Amino acid sequence: MNKYPVWKYVIIAIALVVSLVYASPNLFVEVPVVQVSGARASVKVEPALQSELEAAVKGAGIAIAGVEVAEGHATFRFADTDTQIKARDVIQSKVPAGYVVALNLQSATPKWLQALGAKPMYLGLDLRGGVHFLLQVDMKAAANKSVERYVSDVRSLLRDKKIYYSGLAREGDRVVVRFRESDQRVAAQKLIEKEMPDLALREQVAGEEAAIVATIKPEIVKKEQELALQQNIQTLRNRVNELGVAEPIIQQQGGDRIVVQLAGVQDPGRAKEILGRTATLEVRMVSEEHSAGPGQNAFAAYKDQPAPFGTDKYLDSEGNTVLVKKTLVITGDRIKDAQPGFDQRDGGPVVSMALDDSGGRIMRQTTRENLKKRMGMMLVERNSTVVLTWPVIQEEFGNRFQISGIGDVQEARNLALLLRAGALAAPMDIIEERTVGPSLGAENIAKGFKSVVYGFVAIAIFMIIYYSLFGVISVGALASNLLFLVALLSMLQATLTLPGIAAIALALGMAIDANVLINERIREELRAGMSPQMAIQVGYERAFDTIFDSNITTLIAGLALLAFGSGPVRGFAVVHCLGILTSIFSAVMVSRGIVNLIYGGRKKVAKVYIGNTEWHKKDATA
Amino acid sequence: MEFFKIRRTIPFMRHALVFNVISLITFVLAVGFLAVRGLHFSIEFTGGTVMEVTHDKPAQPDKIREALGAAGFKDINVLKFGSSQDVLIRLPLKANPDPKIQNEEMQKQSVAAMAVLRTVDASAKIVRTEFVGGQVGKELATDGALALLVVCLGIMVYLAFRFEWRFAVATIIANLHDVVIILGVFAAFQWEFSLPVLAAVLAILGYSVNESVVVFDRVRENFRKMRRASVDEIMDASITGTISRTIITHGSTQMMVLSILFFGGASLYFFALALTIGICFGIYSSVLVAAPLAKYLGASREDFVKPEKKAVEHALP
């Protein structure tokens, strides 16, 4: 009686060994490292670069504890954070463009463990320090912009094919083209249908005038919104690369939100500034009819005047007033590339631009019609618009052109970066922000660890006193539960937060419930006069139903929390649910396994060490 | 060693009315506090900014409050937090119909507040900030309410399936009564109701249902064993048989919670407090409220003893 078949012991043993292996990386301290990786996935750190950087760091008199190149990035380990930061500065100055240098912490897990895929638990921001942003993408603004773009696309298309219209305007989310002659309307409709399949067309006849009302097809709107979101994510990724963050998380959340999590960022303020730059580029023609002539002071007269009808008034980067037409030529999402360079004629700094085909066509037409006029390139941020540059169009150009008249090389580089990476498809707002300093993170870990340890010790002492040998067995089961839980969390790389640590503590506190249930049941059966072996058998069997029921209800609560919780609560819910699963296994399988090892198969068991169960007999005889 | 040497069945059911009156009074009190004072929601639900600021010297909340007031900040809440060097500053959400402008203003406000703090004590340093926009707060509040609803429904469905509906209803009422009391205490003392506290409340709901399950499990068993006993006697026997285990398990869970309460730091304090209230009332309600409720709802031997026969009857036509 009370014997487990061998395979059950084998399962328990395997579970314990695997858990030990995967939980062990958490024991190793984290060492400061500097990571060098390519800004894009295609850029890899070659051994030559790694040895060059290594030589440079050594040359600066900084001791390196270890170097590794894996998966295209190089990792330099250091003894402490001081040397880490010094080495970072050295490496930063040596690294060619296109690489990102980041400070990070890396577990000193031995190689053979790493080879098994064993990693320490993934710590959340509240334990590591870092910043978390939730950004809301303004889809309405994105939709408005895309309607604007269609207006200008339709205009250039009709002009190209010499179709005459009497009016072309945007009305809400519709593009309305009016015609005096119906044959022009028919021709236009055919042309637009063919060239722009994304538009749904409708005729509208009111009196003399006929019009085409074009709306963007809903599925296209949806696709464009997805694209806008993707582009914004890409833009954010480019910007984060500037910051040098080791493992940035930039993810879509829901239909119109983006989560950015940067662990271990030293300066949250700077992160916010760089991420928060919600710049988009717009190209519009300068309103020459109001200009007083060439030069910077062309619009000085309008400095304190309101902008005339059909124009907008902005300042350029030097503070000069500029009037531009309201009509958009192109927006930043037409830009394919922007690179700083030098003018081949006079050697001055320029930015070489490349536009997509549609943008190139519009540009060609606009420049052909506006030679010797000025064109404004504007950086549009949330509440401020700056005219970056407003050069004179010297010649007709298409999808490749240069912006000249830039102050110096540095400025050209900044401008190229802004044009390339600074263009968001749609403006974004920070709607949730959390920053945690690194010292607070370490403090939180210490506090969480203390709660678990002291709680565990208190329960262990109580259980052993109260249930003697069975108490020891229960504590063993509880320890294995903690081991399983930590191993599972490490394997799944689920984010551990401070509420998550609280959930570990709570899971242990609740898990002991099952053992108490079993032990009480065995006592009861012994009291009822059952033989020890029988009592153990029946105690475990009867208790199982109850354990199962009670864990199911707790699991329901945990799953609901997982489904509806966000942020810190999610971290709690994950651990809570996993804790319930491990506790069923450890309370039922592991504790039974130990009991069976001790008592199983013995012919005669005189006494079960589960505390005094004889008191009622004494009462009876007394 | 054994704490509870219970020799005879304790007549819990005879005093059922007393327990119910006690429950009703606490429940009404809790509802009263909730209605009059309301919960003190954290910024996670209301939207707003929280800044945890540390100083080299002990912080002076009064001076900070004064300086912020002089700088034109309204409804600012400055508290000591954790150690004496740390303060927690809450900036309420600025009323503005346009969420975009509102978000921007909040961003500016926190920068401005920090500048003021530096004038009070130059060593002021931000340890942690949290900003939640108005729309996110509303979502969190609805999600929280939804989670509570789903937990209640899920548990009821499970219990109705596992036992029968009377027990399900009795259990969920008994445990919701716990939840209301926890909320009532939080309202009475105006403790901050944050997301972790919500998590604690839901965890407690799932956990204390255990106790009712254990008691009802025993009730079912006893209905089968004690053929001649009345419903009251069976309930008494079942509660008496499980009370020792109930107290011991809750006691051990409470040890863990106390450990969180004492060592977990300021951010887990209210979480642990909610758990403590929940565990204490959980013992009481799931044992002494759920059983009488099930009886009032008309739970009887027939519900348990002849399920097989019923199944046969169904199969006949």
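Every chain is numbered on its own, with residues counted from 1 as its sequence reads. Numbering of ligands from 1 and lettering of chains from A proceed in the order in which they are written. Predicted model: local features are reported for residues with pLDDT of at least 70 only, side-chain atom pairs are reported and counted for 80 or more only, and whole-chain, interface and lining totals are derived from all residues.

Engineer: Sorry if this is basic, but what is going on with the overall build of chain A here?
Structural biologist: Numbered from the N terminus, helices here are DSSP runs of H or I no shorter than four residues, and strands are runs of E no shorter than two. Summing up its helical and strand segments, chain A has 16 helices and 22 strands in all. Taken over C-alpha atoms, the radius of gyration is set against a globule rule of 2.2 Å times the number of residues to the power 0.38. Computed over the C-alpha atoms, the radius of gyration of chain A is 35 Å, more than 25% above the 25 Å expected from 2.2 N^0.38 for a compact globule of 622 residues. Principal-axis analysis of the C-alpha atoms gives chain A an extent of 115 × 75 × 45 Å. In this scheme the burial state of a residue depends on its C-beta neighbours within 10 Å: 20 or more other such atoms mean buried, 12 or fewer mean exposed, and anything in between means partly exposed; the C-beta positions come from the backbone. Counting the 622 residues in chain A, one finds 43% classified as buried. Considering only residue pairs separated by 6 or more positions, chain A has 71% of its internal contacts joining residues 24 or more positions apart. Throughout, a pair of residues is in contact if the C-beta atoms placed from their backbones lie within 7 Å.

Engineer: What is the right way to look at the overall build of chain B in this model?
Structural biologist: If you tally the helices and strands in chain B, you get 12 helices and six strands. Each principal axis of the C-alpha distribution contributes one length, and for chain B these read about 80 × 55 × 30 Å. For chain B, the proportion of its 317 residues judged to be buried stands at 47%. Contacts spanning at least 24 positions in sequence make up 78% of the contacts within chain B whose residues lie at least 6 apart.

Engineer: I tried to follow the domain arrangement of chain B on my own but got confused; where do I start?
Structural biologist: Quoted interface sizes are often the accessible area lost when the parts come together. Once the domains are mapped, chain B shows domain 1 (13-41 + 137-305) and domain 2 (48-132). Where each domain begins and ends is defined by an automated method or by a domain database. The distance between the C-alpha centroids of domain 1 of chain B and domain 2 of chain B comes to 39 Å.

Engineer: So what exactly am I meant to see when it comes to the sheet that holds strand 7 (residues 167-171) of chain A here?
Structural biologist: Through backbone hydrogen bonds, the strands of a sheet pair up, either in parallel or in antiparallel fashion. Residues and elements named next belong to chain A. Here a strand pair is declared whenever DSSP counts at least two bridges between the two strands. With antiparallel pairing, the four strands of this open sheet are ordered in space as 7-8-10-9. With partners counted over all chains shown, the strands left at the sheet margins are strand 7 and strand 9 (199-206), one partner each. Between one strand axis and the next, the sheet turns through 20° on average, direction left out of account. Only the contacting stretch of a helix is used when fitting its axis, a line to C-alpha atoms as for every element, and angles between N-to-C directions run 0 to 180 degrees. Those strands touched by helix 6 (residues 139-160) are strand 7, strand 8 (174-179), strand 9 and strand 10 (209-216), and its axis lies near 170° from that of strand 7. Contacting strand 8, strand 9 and strand 10, helix 7 (residues 182-195) runs over the sheet at an angle of about 15° to strand 10.

Engineer: Is there a simple way to explain the nonpolar core in this structure?
Structural biologist: Generally speaking, nonpolar side chains in soluble globular proteins are found buried as a group. Counting residues in hydrophobic clusters, the biggest one holds 205 residues, and the most contacted among them are A:Ala502, A:Leu508, A:Leu561, B:Val151, B:Val201 and B:Leu202. Per element, the largest residue contribution to this core is 21 residues, and it comes from helix 12 (residues 438-492) of chain A. Not counting the four nearest positions on each side in its chain, B:Leu202 is found in contact with A:Ala557, A:Ala560, A:Leu561, B:Ala147, B:Leu148 and B:Val151. Under the definition applied here, buried Ala, Val, Leu, Ile, Met, Phe, Trp, Tyr and Cys residues are grouped into a nonpolar core through C-beta atoms within 7 Å. One finds A:Leu281, A:Ile406, A:Ala412 and A:Leu415 within the second-largest nonpolar core, a separate group that totals 34 residues.

Engineer: Before we go on, may I ask you to explain the packing of helix 7 (residues 195-225) of chain B against helix 8 (residues 231-263) of chain B in this structure?
Structural biologist: A pair of packed helices is captured by two measures, namely the crossing angle of their axes and the spacing between those axes. All names here are of chain B. Direction vectors running N to C along helix 7 and helix 8 enclose 135°, while the axes themselves pass 9 Å from each other. Viewed along their axes, helix 7 and helix 8 adopt a mutual orientation that is oblique. Judged by the twist between their axes, the crossing of helix 7 over helix 8 is right-handed. Each of Glu 211, Val 214, Val 215, Arg 218, Val 219, Asn 222 and Phe 223 in helix 7 lies in contact with helix 8, whose residues at this interface are Ile 234, Met 235, Ala 237, Ser 238, Ile 239, Gly 241, Thr 242 and Thr 246. Here the angle decides the label: under 35 degrees means roughly parallel, over 145 means roughly antiparallel, 65 to 115 means roughly perpendicular, and every other value means oblique. Handedness of a crossing is defined here by the sense of rotation of the near helix relative to the far one, left-handed for an anticlockwise turn of less than a right angle and right-handed for a clockwise turn.

Engineer: How do you make sense of unusual backbone geometry when you look at a structure like this?
Structural biologist: Glycine aside, the phi torsion of most residues is negative, and most peptide linkages are trans. Residue and element names in this part refer to chain A. One non-glycine residue, Lys 162, lies in the positive phi region at around 55°. For Lys 162, a count of 8 C-beta atoms within 10 Å corresponds to the exposed category. With a phi close to 65°, Lys 372 is a non-glycine residue in the positive phi region. If you trace the backbone, Lys 372 turns up in the loop between helix 10 (357-369) and strand 18 (375-380).

Engineer: Quick question: what am I supposed to make of the environment of A:Tyr609 here?
Structural biologist: Residue and element names in this part refer to chain A. Note on placement: Tyr 609 falls in the loop between helix 15 (568-599) and helix 16 (615-621). The class for Tyr 609 is partly exposed, based on 14 C-beta atoms found within 10 Å. Residue contacts for Tyr 609: discarding those within four places in its chain leaves Ser 468, Leu 469 and Phe 470.

Engineer: How should I be thinking about helix 6 (residues 165-189) of chain B in this particular structure?
Structural biologist: Helical geometry note: an α-helix holds 3.6 residues per turn, so side chains three or four residues apart project in the same direction. Residues and elements named next belong to chain B. The first and last C-alpha atoms of helix 6 sit 36 Å apart over 25 residues, in line with the 36 Å expected at 1.5 Å per residue. Counting buried positions along helix 6 gives 18 out of 25 residues, so the element sits mostly inside the fold. One or two residues past the end of helix 6 sits Gln 190, with phi positive at roughly 55°. Multiplying 1.5 Å by the helix residue count minus one yields the expected span of that helix.

Engineer: Sorry if this is basic, but what is going on with the sheet that holds strand 3 (residues 77-81) of chain B here?
Structural biologist: Taken in spatial order, the eight strands line up as 11(A)-12(A)-6(A)-21(A)-5(B)-2(B)-4(B)-3(B) in an open sheet, and their pairing is antiparallel. Unpaired on one side and paired on the other, strand 11 (249-253) of chain A together with strand 3 of chain B mark the two borders of the sheet. With strand direction ignored, the average angle separating the axes of adjacent strands in the sheet is 20°. Examined bridge by bridge, strand 21 (residues 428-436) of chain A and strand 5 (residues 125-132) of chain B share five bridges and lie antiparallel to one another. Residue A:Thr435 lies in a different strand from strand 5 of chain B, and its bridge partner there is B:Thr129.

Engineer: Looking at this model, I keep getting lost on the domain arrangement of chain A. Mind explaining?
Structural biologist: Segmentation of chain A into domains returns domain 1 (6-23 + 438-621), domain 2 (29-108), domain 3 (143-221) and domain 4 (277-431). Averaged C-alpha coordinates put domain 1 of chain A and domain 3 of chain A at centres separated by 70 Å.

Engineer: Got a minute to help me understand the confidence of the model for chain B in this structure?
Structural biologist: It should be kept in mind that the predicted coordinates are not to be read in detail where pLDDT is low. Residue and element names in this part refer to chain B. The score called pLDDT rates the predictor's confidence residue by residue, from a low of 0 to a high of 100. The predicted model of chain B has a mean per-residue pLDDT of 83, with 93% of residues at 70 or higher. With pLDDT under 50 throughout, residues 307-317 is counted as low confidence; its partners more than four residues away or in other chains account for zero contacts. The ipTM for the predicted assembly is 0.86, set against a pTM of 0.77.

Engineer: In this structure, what is going on with the interface of chain A and chain B? I would like to understand it.
Structural biologist: Each partner contributes residues to the interface: chain A has 61 residues there, and chain B has 57 residues. All residues other than Ala, Val, Leu, Ile, Met, Phe, Trp, Tyr, Cys, Pro, Asp, Glu, Lys and Arg, Gly among them, are scored as polar; the first ten of these are nonpolar and the last four charged. Here the residues of the side of chain A that touches chain B sort into 31 nonpolar, 19 polar and 11 charged.

Engineer: Explanation requested: the pairing of strand 3 (residues 73-77) of chain A in the structure shown.
Structural biologist: Regular strands have side chains that alternate between both faces of the sheet. Residues and elements named next belong to chain A. Side-chain alternation along strand 3 places Ala 74 and Phe 76 on a buried face and His 73, Thr 75 and Arg 77 on a face that remains uncovered. Pairing between strand 2 (residues 66-70) and strand 3: five bridges, direction antiparallel. Its bridge partner lying in strand 3, Glu 68 is registered against Thr 75. Here strand 2 folds back onto strand 3, and the loop between the two strands holds two residues, one of which, Glu 71, carries a positive phi near 50°.

Engineer: In this structure, what is going on with the environment of B:Ile243? I would like to understand it.
Structural biologist: All names here are of chain B. Along the polypeptide, Ile 243 turns up in helix 8. On the neighbour-count criterion, Ile 243 (19 C-beta atoms within 10 Å) is partly exposed. In the structure, Ile 243 is positioned 63 residues away from Val 180 in sequence and 24 Å away in space, judged by C-alpha atoms.

Engineer: Mind showing me how you'd approach helix 3 (residues 81-94) of chain A here?
Structural biologist: Residues and elements named next belong to chain A. Compared with an ideal rise of 1.5 Å per residue, which puts 14 residues at 20 Å, helix 3 spans 20 Å between its outermost C-alpha atoms and is within 8% of the ideal. When we look at burial in helix 3, the residues that qualify are Gln 84, Ala 87, Arg 88 and Ile 91. For helix 3, the buried positions fall inside an angular range of 115° around the axis, keeping them on one side. Of the exposed residues in helix 3, those oriented more than 90 degrees away from the buried face are Asp 82 and Ser 93. Here the buried face of helix 3 lies against strand 1 (30-38), helix 2 (47-59), strand 3 and strand 4 (99-107). Here the arc refers to the set of directions running from the helix axis out to each C-beta atom.

Engineer: Looking at this structure, how should I read the packing of helix 2 of chain A against helix 3 of chain A?
Structural biologist: Residue and element names in this part refer to chain A. Following both chains from N to C, one finds helix 2 and helix 3 inclined at 130°, their axes separated by 9 Å at the closest point. Looking at the two axes, helix 2 sits oblique to helix 3. For the pair helix 2 and helix 3, the crossing hand works out as right-handed. Each of Leu 53, Ala 56 and Val 57 in helix 2 lies in contact with helix 3, whose residues at this interface are Ala 87, Val 90, Ile 91 and Lys 94. Here the contact of helix 2 with helix 3 is composed, by residue class, of six nonpolar, no polar and one charged.

Engineer: Looking at this structure, how should I read the confidence of the model for chain A?
Structural biologist: Averaged over chain A, the pLDDT score is 83; the fraction of residues at 70 or greater is 93%. By mean pLDDT, helix 16 of chain A is the weakest element of chain A at 53, and helix 12 of chain A is the strongest at 92.

Engineer: I keep staring at the pairing of strand 5 of chain B and nothing clicks. Help me out?
Structural biologist: All names here are of chain B. By the criterion of burial, strand 5 is predominantly enclosed, with six of the eight residues buried. In this sheet, strand 5 lies alongside strand 2 (residues 48-54) in antiparallel orientation, the contact comprising seven bridges. Bridge pairing in strand 5 places Gly 48 opposite Val 132.

Engineer: Can you help me understand the environment of A:Glu318 in this one?
Structural biologist: Residue and element names in this part refer to chain A. Counting through the fold element by element, Glu 318 comes out in the loop between strand 14 (311-316) and strand 15 (321-331). Looking at Glu 318, the number of C-beta atoms within 10 Å reads 8, which means it is exposed. Once the C-alpha coordinates of Glu 318 and Leu 388 are considered, the two residues, 70 residues apart in sequence, prove to be 9.1 Å apart.

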